[in-house]
Amino acid sequence: MLIHPWDAPRSDTEWQQWLAGHDFGQLAVNGLPGEPPHVQPAHFAYEAGHGPHGRVITHLARPNPLWPALEADPEVLLSVVDDYVYVPGPWQAPPDTPPEHGVPTSFYAAVQLRCTARIVDDPEEKAELLNRQVAHFQPEGGSAPAAAGEAPFGRMLSGIRALCLEVTDVRAKFKYASHKPQEVQDKIAHGLTERNGPRDAAAHTHQLRRR
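Summarised in this report is the structure supplied together with it. The structure presented is a predicted model; accordingly, all values stated were derived computationally and were not measured. (Residues numbered from 1 in each chain as written. Predicted model: local features only at pLDDT ≥ 70, side-chain atom pairs only at ≥ 80, totals over all residues. Heavy atoms only, no water.)

**A few points about the pattern of salt bridges**
Pairs can form between side chains of opposite charge once their charged atoms are near each other. Just so we agree on the cut-off: We define a salt bridge as a contact between a side-chain nitrogen of Lys or Arg and a carboxyl oxygen of Asp or Glu at a distance within 4 Å. Between buried and exposed lies partly exposed: a residue is buried under 20% and exposed over 50% of the maximum accessible area for its type, with that area taken using a 1.4 Å probe on protein chains only.
In the structure shown here, the tally under the stated rule is eleven salt bridges. Residue Glu-47 pairs with Arg-55 through a salt bridge whose shortest N-O separation is 2.7 Å. Looking at Glu-47, the relative accessible area reads 13%, which means it is buried. Judged by its relative accessible area of 16%, Arg-55 falls in the buried class. Where Arg-161 meets Asp-121, a salt bridge forms, and the shortest distance between an N and an O atom there is 2.8 Å.

This is the structure we're talking about:
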């Protein structure tokens, strides 16, 4: 992922706060020799307090075909992209330039976490990690906790494998034209507000925040 200096996060706090509200991504695992990579969509919970870059916890079904590849190479990439919009060319036209000469582009926020994966099969640890993940998505409660050997979920633990992903590197990008002249940024902001399409409000918020 190309990251220009003006698109880079201002601090770790910026990408961590964004990631806290974007907990669905794609886990990319190197394929076995001669095979393409595995790309698995998944909900996950990011925990910043574990190690220098934090960790990710998730789980997948035991029949998932990516396990042999993951066991062969535990180095993975978790990619999260959201708040993306298409920006029409006329919005980006520089001052004193015909609108039709403006170059269209995409705005988006993206975080890529390079991780070392650890597969968890121990029933007690699986239950603990599963409960942590459920607590992240369901802080109001309402579901019985998972416990090895106990109803209602204990017998189902054998059907999943948990993953602890130790984050070893982070690449983050917030592409919202913060390097453009103020007049162009104003025109883009006005266009996003007027269009008011899916994700336009989120993109507008990023754009104003990063000016």
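**Things to note about the nonpolar core**
Put simply, the test is: Remark: nonpolar core denotes a set of buried residues (Ala, Val, Leu, Ile, Met, Phe, Trp, Tyr, Cys) joined through side-chain atoms within 4.5 Å. Contact criterion: two residues are considered in contact whenever any of their non-hydrogen atoms come within 4.5 Å of each other.
By size, the foremost hydrophobic cluster in this structure holds 38 residues, and its most contacted members are Trp-15, Leu-19 and Leu-113. In this structure Trp-15 touches Pro-9, Tyr-46, His-53, Val-111, Leu-113, Val-170, Ala-172 and Phe-174, once residues within four positions along its chain are discounted.

**What to know about helix H3 (residues 123–137)**
Side chains that are three or four residues apart share a direction in an α-helix, a result of its 3.6 residues per turn. Short version of the rule: Going along the chain from the N terminus, every DSSP run of H or I of four or more residues is numbered as a helix, and every run of E of two or more is numbered as a strand. Each residue after the first adds 1.5 Å to the expected span of a helix. A 3.5 Å cut-off defines polar contacts: any pair of N or O atoms within that distance qualifies, except that in protein one atom must be a possible hydrogen donor and the other a possible acceptor, and neighbouring residues in sequence count only when both atoms are side-chain atoms.
If you check H3, its first and last C-alpha atoms are 21 Å apart, about what 15 residues at 1.5 Å a residue would give, namely 21 Å. Within the sequence span of H3, burial applies to Lys-126, Ala-127, Leu-129, Leu-130 and Gln-133. Considering only its buried residues, H3 is in contact with strand S2 (38–43), strand S3 (45–47), strand S4 (55–61), strand S6 (105–120) and strand S7 (160–175). The N-cap of H3, judged by a side-chain oxygen 3.3 Å from the amide nitrogen of Glu-124 a few residues on, is Asp-122.

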